[in-house]
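Geometric and topological summary
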Amino acid sequence: MSKNLVIVESPAKAHTIEKYLGSDFKVLASVGHIRKDTKVDKSTFDVTYEIDPEHKSIITELKKEAKKADKIWLATDEDREGESISWHLCEVLNLPKDTARITFHEITKPALEEAIKNPRIVDMNMVASQQARQTLDMLVGYDLSDMVRKKVPGAISAGRVQSPALRLVVEREKEIEKFESKSSFKITGKFHKDTDFDASYDGEAPKDEATATKLLEDLTKSDFIVENVEKTEGSKANPVPFTTASLQIEANAKLGFTSRTTMSAAQGLYQAGLITYHRTDSLNLSKQAVGAIASYIEVNFGKEYLKVRTFKTKDASAQEAHEAIRPTDVTRTSAGKNDYEKRLYNLIWSRTVATQMANAKVAKTTITLSNKFTAKGEVVIFDGFLKIYGKSKDLELPKVSKGDAIKCLSLTARQNFAKPPARYTEGSLVKKLEELGIGRPSTYASIMTAIQARGYVIKGESEGEEREVIELTSQNNKITRNVIKEKYGANKGKLVPTPIGELVAGFLTDNFKNIVDYKFTANIEKDLDLVADAKLERVKMLKDFYGPFRDTVLIAQGVERYNNARLLGHDPKTGKPIYAKVGRNGGFIQLGDNEKESGEKPRFAPLPKRKSTKTVTLEQALSQLELPALPRNLGKAPDGTEIIAASGPFGPYLKGGKYNIPMKDFDPYTVTFEEALPLYQAKIDSIIADWDEIMIINGAYGPYIKGPGRRNNVKVPKEIDPKKITLEQAEEMLRNKPKTSKTRRGGRGGRRKATAAKKNNREITKKS
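So, the overall build of the protein
When helices and strands are counted, the protein shows 21 helices and 29 strands. Counting over 768 residues, the protein shows a buried share of 48%. Across the protein, the fraction of contacts at a sequence separation of at least 24, relative to all contacts at a separation of at least 6, is 68%. About 39,700 Å² of surface is accessible on the protein, with carbon and sulfur atoms providing 49% of the total.

So this is what it looks like as structure tokens:
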């Protein structure tokens, strides 16, 4: 029998820890939260907790092992959420208040042994802070979501922290829509002195083609003399260690990872004992870690590459006792169980080692020519941290002296359009939220997921549109004019608000200014920190927030349904009004007034591609209304089935008999029979067996059985031939399919729509 029972959050973490602690310790996992808060008293802010039904068997095992153990150690994660889980464990398992609580930044033998030597008890101030945050989110979520569902067509819900993030994306889109892209001509030249080099014109850029042509003519007749040569030595400072936010930003920029992918990979690395805790806003590195990194650099790169540094977090709320994200063993240069983890580990390892390396030294040269031309070059003298992290491209200029004559090989004036503000990526949005003080390390990934899952923001897919650009080239005293094409306006991978997202943001900005106010939201985060530090009482904080918020909700109930319909004009044929509107499935064109008002059913058409209700014109709307009505009968397949093009809540699709076939790459208004037939045939070919409500389908990931209803599927095991499965066997496999639970944050969430627990499992915890 084990003398010690250690309770952690995740099974993967339990497995790693048990290897280090030895036979006297048994390590079990709570698998996230064992209770969930289901109701809040809006006057006292008492919280009703229920046992998560899926955790009943886990709780039974924990209780059994707790009775057998001589000592119990609560080793949940070191943040507020982890502290709250430890408190819930004490309550449900009836553990004494002085039960040992241990935390550690990394899962290594020394760190675990140190934690065992220095236990504490559950920090009830941190628990109160977590409860305050959860209560706020529940109160705002319930009231705000109910309001936006009633007032905004197509809206699903709204959240306390996600709403300011949505506002940022929408405001950036408005900036882009208002931006006027004026053009000017950028002039560059190719010159020669022993070797070819490029230089740019620093004078006023010509605004039109005629002025650019005249300037090229004048410059072509000129001589080019070296007016000045400036040489300086500079340095490039190495990076700081990773925090949660900066890791997500860099992984998005360098690896193309979403915030969710980054945090999932980091969770796996942490649980395997490969990196320190991955939810942190600290830049601190322990003395032991710095010593190990310094030794590694000196041995592998040489003493000249070593420069030991310490880092301090600017944010006063950051806990310096915590550490930045780093490898637990710097000599392990590669780690991870899959490609995502390996790539992320490599990023963390190289960044961490680079923080203790010498700055890179560069020699910069600037050559100033007559006629306002400047050439700039840079050569790396000593690569320093660039040896493992970052890039530097040498651009060496020829050796010249003041007064030297330089030969001009050619001059080019290229039309250059001013660029609008860049749309946010997940990485740049996380960076902006961090700058504003909105959210915390543990919430950034969930914010990115929430605004996209609700359909308020999507990842752009456009590679951009083409436009003509004028390029004038002067060579051998002759100016040639070319018109070339370039792409602009690409939004692939960028965050783009949907029409519904724009409506929700507009409604909240008009009626709930505090909820989307950046400073107000940031101040709430500071108040939560004060609760954790015992400097602000939980109930007072909640009362100060919820009273004014509730008054705002009551006022907003009298607001008209928020559609923001835009009258574009009138149809020249019928005289009926034409509107651009937003509905449950996004933006659309409407010909005629609503049926209740006019007594006649209006006609609808989709918005043109890359147009919103605010940017579409009357001419474009009239063109869309000329499109054929849906559904469209395209023709009959060889087997006699009619193939119909249609559009539904989940996008365009083909209907072929009983089958609905998604049609992602085609427009239902213009798709031809010849384009649709292969999609229908591929669907027919994928059906292995069909018993009406139950089918066996060969999908993208192999054969599976599809039962009645949504998401009622079960994969066919590799050892079973899907063609030999009978209806009775298929029914049995559906009945016995493995249960799945949707979790968030490494198993803390549990099933989102679990059935209600029995009354005897309900407990009310009152905090005053």
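Overview of the pairing of strand β21 (residues 632-636)
Where β21 lies against strand β22 (residues 642-648), 4 bridges are found, and the strand directions are antiparallel. Looking at the pairing, arginine 632 lines up with alanine 645 of β22. Joining the antiparallel neighbours β21 and β22 is a turn of 5 residues, in which glycine 640 adopts a positive phi near 95°.

A short note on the environment of valine 483
On the secondary structure map, valine 483 appears in strand β15 (residues 478-488). Sequence spacing of valine 483 and lysine 117 is 366 residues, and the spatial spacing of their C-alpha atoms is 74 Å. Setting aside its immediate chain neighbours within four residues, valine 483 contacts Glu468 and Val469.

Some remarks on the nonpolar core
Within the largest apolar cluster, 57 residues are counted, with the highest numbers of intra-cluster contacts made by Leu429, Leu433, Leu508, Phe512 and Phe549. In terms of residue count, the dominant contributor to this core is helix α5 (residues 124-151) (9 residues). Once you skip the residues sitting within four places of it in the chain, phenylalanine 549 turns out to touch Leu139, Val140, Asp143, Leu144, Phe512 and Ile515.

Some thoughts on the environment of serine 10
Summarising the element assignment, serine 10 is placed in the loop between β1 (4-8) and α1 (11-21). Accessibility expressed as a relative area gives 5% for serine 10, which makes it buried. On a C-alpha basis, the gap between serine 10 and valine 40 in space is 28 Å, while along the polypeptide they are 30 residues apart. A distance of 2.7 Å separates a polar atom in the side chain of serine 10 from a polar atom in the side chain of glutamine 271.

A look at the confidence of the model for the protein
Here the protein averages 89 in pLDDT, and 94% of its residues register 70 or above. In this model, residues 741-768 is a region of pLDDT below 50 whose contacts with residues beyond four sequence positions or in other chains number 65 contacts.

So, the sheet that holds strand β20 (residues 603-606)
Spatially, β17-β18-β19-β20 is the arrangement adopted by the 4 strands of the open sheet, whose pairing is antiparallel. Two strands bound the open sheet, and with one partner strand each, they are β17 (566-570) and β20. Mean inter-strand twist for the sheet, computed between neighbouring axes without regard to direction, equals 30°. Along the sheet face, helix α19 (residues 618-625) touches β17, β18 (577-583), β19 (586-591) and β20 and points at about 105° away from the line of β20.

Focus: the packing of aromatic side chains
Counted according to the given criterion, the structure contains 19 aromatic pairs. Measuring from centroid to centroid gives 5.6 Å for phenylalanine 588 and phenylalanine 604, while their planes differ by 70°, and the two rings are edge-to-face. Residue phenylalanine 588 is found in strand β19, and its partner phenylalanine 604 is found in strand β20; the two are separated by 16 residues along the sequence. Judged by its relative accessible area of 43%, phenylalanine 604 falls in the partly exposed class. Here the aromatic cluster, defined as three or more aromatic residues joined through ring pairs, consists of Phe45, Phe507, Phe512, Phe520, Phe545, Tyr546 and Phe549. The cationic tip of lysine 71 hangs over the ring face of tryptophan 73; the distance from NZ or CZ to the ring centre is 4.9 Å. Looking at arginine 467, its charged tip hangs above the ring of tyrosine 488, at a distance of 4.3 Å from the centre.

Describing empty space enclosed by the protein
With the rule as written, the count across this model stands at 5 cavities of 30 Å³ or more. Looking at the second largest cavity, its volume works out to about 40 Å³. As for the second largest cavity, its lining consists of Ser157, Ala158, Gly159, Gln162, Ser163, Leu166, Ile451, Arg454 and Tyr456. Sort the elements by how many residues they give to the lining of the second largest cavity and helix α6 (residues 162-178) lands first, with 3 residues.

Thoughts on the packing of helix α16 (residues 518-532) against helix α17 (residues 538-556)
Look at α16 against α17: their axes get within 10 Å of each other, and the N-to-C directions meet at 165°. If you check the angle between α16 and α17, you find them roughly antiparallel. α17 is crossed by α16, and the crossing has right-handed handedness. Contacts between α16 and α17 involve Phe520, Ile524, Asp527, Leu528 and Val531 from the first element and Arg538, Met541 and Phe545 from the second. In the contact of α16 with α17, the residues fall into 6 nonpolar, no polar and 2 charged.

Notes on helix α9 (residues 259-271)
For α9, with 13 residues, the first-to-last C-alpha span of 18 Å sits near the 18 Å given by 1.5 Å per residue. Of all 13 residues in α9, 10 are buried; the element is thus mostly enclosed. The complete set of buried residues in α9 reads Ser259, Thr262, Met263, Ala265, Ala266, Gln267, Gly268, Leu269, Tyr270 and Gln271. Next to the buried residues of α9 lie α1, α8 (244-255), α11 (339-354), α12 (426-436) and α13 (444-453).

Section: the packing of α6 against α13
Where α6 meets α13, the closest approach of the two axes is 10 Å, and the angle between their N-to-C directions is 65°. Judged by the inter-axis angle, α6 sits roughly perpendicular to α13. In this structure, α6 meets α13 at a crossing whose hand is right-handed. Contacts between α6 and α13 pair Gln162, Ala165 and Leu166 from the former with Ile447, Ala450 and Ile451 from the latter. Within the contact of α6 with α13, the residues separate by chemical class into 5 nonpolar, 1 polar and no charged.

Thoughts on the sheet that holds strand β24 (residues 659-662)
Pairing in this open sheet of 4 strands is antiparallel, and the strands run β21-β22-β23-β24 from one edge to the other. In the strand order of this sheet, the two ends are held by β21 and β24, each with one partner. Ignoring which end each strand starts from, the neighbouring axes of this sheet average 30° apart. Bridge analysis of strand β23 (residues 651-656) against β24 gives 4 bridges, and the strand direction is antiparallel. Residue pairing across strands places leucine 654 opposite isoleucine 661, the latter belonging to β24.

Here's the deal with the environment of phenylalanine 257
Relative to the helices and strands, phenylalanine 257 is located in the loop between α8 and α9. Distance in space between the C-alpha atoms of phenylalanine 257 and glutamate 426 is 8.9 Å, their sequence separation being 169 residues.

Thoughts on the side chain of aspartate 37
Secondary-structure assignment places aspartate 37 in strand β3 (residues 35-40). Aside from chain neighbours lying at most four places away, what touches aspartate 37 is Val47, Thr48, Tyr49, Gln134 and Met138.

Brief notes about the pairing of β18
Burial of β18 is extensive: 7 of the 7 residues sit out of reach of the surface. Residues Pro577, Tyr579, Lys581 and Gly583 point to one face of β18 and Ile578, Ala580 and Val582 to the other, with burial holding for every one of them. With 4 bridges connecting them, β17 and β18 associate as antiparallel partners. Bridging across to β18, glycine 569 finds its partner in isoleucine 578. Where β17 folds back on β18, the antiparallel hairpin that results is connected by 6 residues, among which glycine 575 adopts a positive phi of roughly 80°. Here β18 pairs with β19 via 6 bridges, running antiparallel. Within β19, the residue paired with tyrosine 579 across the bridge is glutamine 590.

The rules behind each value
- Residues numbered from 1 in each chain as written.
- Predicted model: local features only at pLDDT ≥ 70, side-chain atom pairs only at ≥ 80, totals over all residues.
- Heavy atoms only, no water.
- Helix = DSSP H or I, 4+ residues; strand = E, 2+ residues; numbered from the N terminus.
- Buried < 20%, exposed > 50% of the residue type's maximum accessible area, 1.4 Å probe, protein only.
- Contact = heavy atoms within 4.5 Å.
- Areas by Shrake-Rupley, 256 points an atom, 1.4 Å probe, with all protein chains shown as cover.
- Pairing = 2+ DSSP bridges.
- Core = buried A, V, L, I, M, F, W, Y, C linked by side-chain atoms within 4.5 Å.
- Polar contact = N/O pair within 3.5 Å; in protein donor to acceptor, adjacent residues only side chain to side chain.
- pLDDT = per-residue confidence, 0-100.
- Axes fitted to C-alpha atoms, helices over the stretch in contact; angles between N-to-C directions.
- Phe/Tyr/Trp six-rings, centres within 6.5 Å; stacked < 30°, edge-to-face > 60°.
- Lys NZ or Arg CZ within 6 Å of the ring centre and 35° of its normal.
- 1 Å grid on protein atoms, 1.4 Å probe; cavity = no way out; pocket = protein on both sides within 12 Å on 5 of 7 lines; lining within 4 Å.
- Points joined across faces, edges and corners; volume = space filled by probe spheres on them.
- Parallel < 35°, antiparallel > 145°, perpendicular 65-115°, else oblique.
- Left-handed = near helix turned anticlockwise from the far one by under 90°.
- Nonpolar A, V, L, I, M, F, W, Y, C, P; charged D, E, K, R; others polar.
- Expected span 1.5 Å × (residues − 1).

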